[in-house]
Amino acid sequence: AQLAFAPKKVKDAAAEVEDRAAGLTKPLAEMMGNWDDFSFAPIRESTVSRAMTRRYFADLDKYAESDIVIIGAGSCGLSAAYTLGKLRPDLRITVIEAGVSPGGGAWLGGQLFSAMVMRKPADVFLREVGVPYEDEGDYVVVKHAALFTSTVLSKVLAMDNVKLFNATTVEDLITRPDPDSEDIGPGVRIAGVVTNWTLVSMHHDDQSCMDPNTINAPVVISTTGHDGPFGAFSVKRLVSMKQLEQLEGMRGLDMQRAEDAIVKNTREIVPGLIVGGMELSEIDGANRMGPTFGAMALSGVKAAEEAIRVFDL
Ligand code: AHZ
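Residues numbered from 1 in each chain as written. Predicted model: local features only at pLDDT ≥ 70, side-chain atom pairs only at ≥ 80, totals over all residues. Heavy atoms only, no water.

Asks: Kindly report on the packing of aromatic side chains, identifying the contributing residues and their values.
Replies: If you walk through the whole model with that rule in mind, you get 8 aromatic pairs. Consider the rings of Tyr82 and Phe125, whose centres lie 5.8 Å apart with planes at 85°: the pair is edge-to-face. Pair noted here: Tyr82 is in helix α4 (residues 75-87) and Phe125 is in helix α5 (residues 123-129), with a separation of 43 residues, a long-range link. Under the relative-accessibility criterion, Tyr82 is labelled buried at 5%. Taken together through their ring pairs, the aromatic side chains of Tyr56, Phe57, Tyr63, Phe165 and Trp197 make up a single cluster. The lysine or arginine in question, Lys163, covers the ring of Phe165, its NZ or CZ lying 5.3 Å from the ring centre. (Phe/Tyr/Trp six-rings, centres within 6.5 Å; stacked < 30°, edge-to-face > 60°. Helix = DSSP H or I, 4+ residues; strand = E, 2+ residues; numbered from the N terminus. Buried < 20%, exposed > 50% of the residue type's maximum accessible area, 1.4 Å probe, protein only. Lys NZ or Arg CZ within 6 Å of the ring centre and 35° of its normal.)

Asks: Which residues make up the sheet that holds strand β6 (residues 162-166), and what are the values?
Replies: Across the sheet, 6 strands lie side by side as β6-β2-β1-β10-β13-β12; this open sheet has mixed pairing. On the outer flanks of this sheet lie β6 and β12 (267-270), each paired with one strand and no other. Shown here is a sheet whose adjacent strand axes are inclined to one another by a mean of 25°, direction ignored. Where strand β1 (residues 68-71) and strand β2 (residues 93-97) come together, 4 bridges link them in parallel fashion. (Pairing = 2+ DSSP bridges. Axes fitted to C-alpha atoms, helices over the stretch in contact; angles between N-to-C directions.)

The structure is reproduced here in structure tokens:
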């Protein structure tokens, strides 16, 4: 008897290459037929360094004055970046992500499972971005959360007016006095973010004098997730600078209530600062929803719309 995994008779190598090449573009197929003559175009090491650093520093220069900064590139932040970048190609949008890998908690659907669940009507966002899904009636399922995250990310990164600085942490908020907002103590409006390399941010306790960098922006969207090592950054800072009395703290899991609350409560918290996604649950004492991501996508869309409204004021 033959095992299901028994190796097939090895085909003639040339026929194998031909088979594989049949589905490829012509230049790639031609290359595969000629691996013995293969060689890359010439390069010098400094050329590679300059290709990267020139662009990075030009971006630092350009985006030091941004129109809108998004803190955190999780499912909410990326959805906000997509919506903003698409609706307003005239705006200069910066996304700051503390991690090396953007995406936050949206690389898996829940626990360590692959599929991502979104309740309707968040399927509208999936169609807009071009993420395929299975329709299950009241909800839809993307076969892998990473397919959602990588698709949104690829669209955002391809936009001419959006720059992602990853491995970079927002350490503080830039503020200006705001005479119109004095609910709690002297009011401020948010006027940008204070940044540092994430590895530097993690070493303020054992190294001295590692001052940060800054980005000015009239509107900031914070989507740093619920409390955790980096999470709920902006709302915790608002409490310590006495712009919020206290945080209510994220409540237990209630999918039914949590998702509606997050979308409805996505709003400008102090002038110039819009909060979206799970960071909001810490302000409002909203429930968590666990592994269902529709509210993150639509909170991102609403945060983007709010940001445009505030920017245009
Ligand atoms: O690295 C963080 C993550 O990628 C990033 N971040 C946090 N603080 C930062 C800072 N500077 C720069 N100071 C920072 N970046 O923000 C991102 C947050 O992504 P997330 O996936 O944690 O939050 P989200 O609100 O976009 O999505 C929440 C997803 C959840 S949590 C949850 C539950 O606990 O029940 N359910 C869902 C769907």
